[in-house]
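# Overview (structure and organization)
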Amino acid sequence: LPLYAPEEAMPWTTIFMNQVSYKSYPHGALNPKGRQYDLGWVLKPNDSSNAWGVQFFHDDDEISPNNPSSDQRQQEEKTIWILQRRINSQKLDGHFFHIRALLLVVGDMDGYLFDDARVLIAVGDEQITNKSYNETFVDKYDNDFHNRSLQIEIEKNHLPASLFKSMRTICAKLLANLDDHVLKNRQRQDGPVNKKAPRHFFTLPNSYELFGLDFMLDDQSNLLLLEANPEPSMGMWGEERAPPKFSSYNCPISSKVPRSSISMIGFTKIYSRRLRFALAAMSSSSSPLAAA
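Residues numbered from 1 in each chain as written. Predicted model: local features only at pLDDT ≥ 70, side-chain atom pairs only at ≥ 80, totals over all residues. Heavy atoms only, no water.

## A closer look at the overall build of the protein chain
- Within the protein chain, the secondary structure is distributed over 7 helices and 14 strands.
- Here the protein chain holds 292 residues, and the buried ones make up 49% of them.
- Within the protein chain, residue pairs in contact and separated by at least 24 positions form 64% of the contacts whose partners lie at least 6 positions apart. (Helix = DSSP H or I, 4+ residues; strand = E, 2+ residues; numbered from the N terminus. Buried < 20%, exposed > 50% of the residue type's maximum accessible area, 1.4 Å probe, protein only. Contact = heavy atoms within 4.5 Å.)

Have a look at this one:
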């Protein structure tokens, strides 16, 4: 993710393997121009869920993974760890929070962002904002308070109205960069097209996947992308599902989508390979359309 997301839209991020100790300022960032903060580090294992294994370090700490799993097999695995700068994050009603958005990606590189998102709020002074983690505080967790609609929070002026525009911009740039990577792999630098390289982001042109993207606001109201989660949990959206009402066309999901707080809800197209190259062709002086 740090290789393709806009660098200014992610905190400084690197990775390393299990059982390896890093000094306080490790080298080899995946996004060297990622945002820097002075609150230390967040360390988490790759491909984990529900805040499993998340640890916090100060700048002068020796950063060393301390795998909390009781599973001996997991302890012995060479886990890939993600190390990110800890964001100077805003608070909502005195609590840390993050935003979970839904991004739908289709094989021939069309991207759609769901028209609502969830605002997930930590319990008490907890720094971890994951919903499943905070639900363990059964005497303190209130779903109506700790799991909110972003649309409603914007309508109440609790959060900036520009958030959806910022999310769409970040996601569109991410998909464009991924698309460029796919296309470059097809074209050899010194010769013909590499026919063995994939033509699409997914194996089949019409296959698709839904991702859960986690965002956080820093104290300067910059929106930062933290991570992308395949197969995101729908539990935070509630059990009820609503018929989709698309604000764009050709969206492959035709069954039901999460129920939102607003009546008109669906997926908005934010990126299209075909549209991108059609516009590029029209703007080119050599294009027949431009000449016409």
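## Quick word on the side chain of Arg 118
- The topology assignment puts Arg 118 in strand β8 (residues 118-121).
- Here the side chain of Arg 118 touches Arg 148 through a polar contact of 3.5 Å, landing on its backbone oxygen.
- Sequence-distant contacts of Arg 118, that is, excluding residues within four places in its chain, are made with His 98, Ile 99, Arg 100, Asn 147, Arg 148, Ser 149, Met 236 and Trp 237. (Polar contact = N/O pair within 3.5 Å; in protein donor to acceptor, adjacent residues only side chain to side chain.)

## Considerations on the nonpolar core
- In this structure, Leu 150, Met 167 and Phe 215 are the most contacted members of the largest nonpolar core, which totals 35 residues.
- Every element with two or more residues in this core is listed here: β6 (95-106), β8, α4 (150-155), α5 (163-186), β10 (208-217), β11 (223-230) and β14 (267-272).
- With residues near it in sequence (within four places) discarded, Leu 150 still touches Ile 99, Asp 116, Ala 117, Val 119, Leu 159, Leu 163, Phe 164 and Met 167. (Core = buried A, V, L, I, M, F, W, Y, C linked by side-chain atoms within 4.5 Å.)

## Structural notes on the pattern of salt bridges
- Inspection of the entire model under this criterion finds 11 salt bridges.
- Between Asp 214 and Arg 100 there is a salt bridge, and its shortest N-O distance comes to 2.6 Å. With a gap of 114 residues between them, Asp 214 in strand β10 and Arg 100 in strand β6 connect regions that are remote in the sequence. Considered together, Asp 214 and Arg 100 belong to a single accessibility category, that of buried residues.
- With a shortest N-O distance of 3.1 Å, Arg 148 and Glu 153 are connected by a salt bridge.
- Of the residues examined, Glu 153 reaches a relative accessible area of 3% and is grouped as buried.
- Each of the salt bridges in this network shares a partner with another, and the network as a whole consists of Asp 93, Arg 148 and Glu 153. (Salt bridge = Lys/Arg side-chain N within 4 Å of Asp/Glu carboxyl O.)

## Let's talk about the environment of Phe 137
- The residue Phe 137 is located in the loop between α2 (131-134) and α3 (143-146) in this model.
- Placed 13 residues apart in sequence, Phe 137 and Gly 124 show a C-alpha to C-alpha distance of 9.6 Å.

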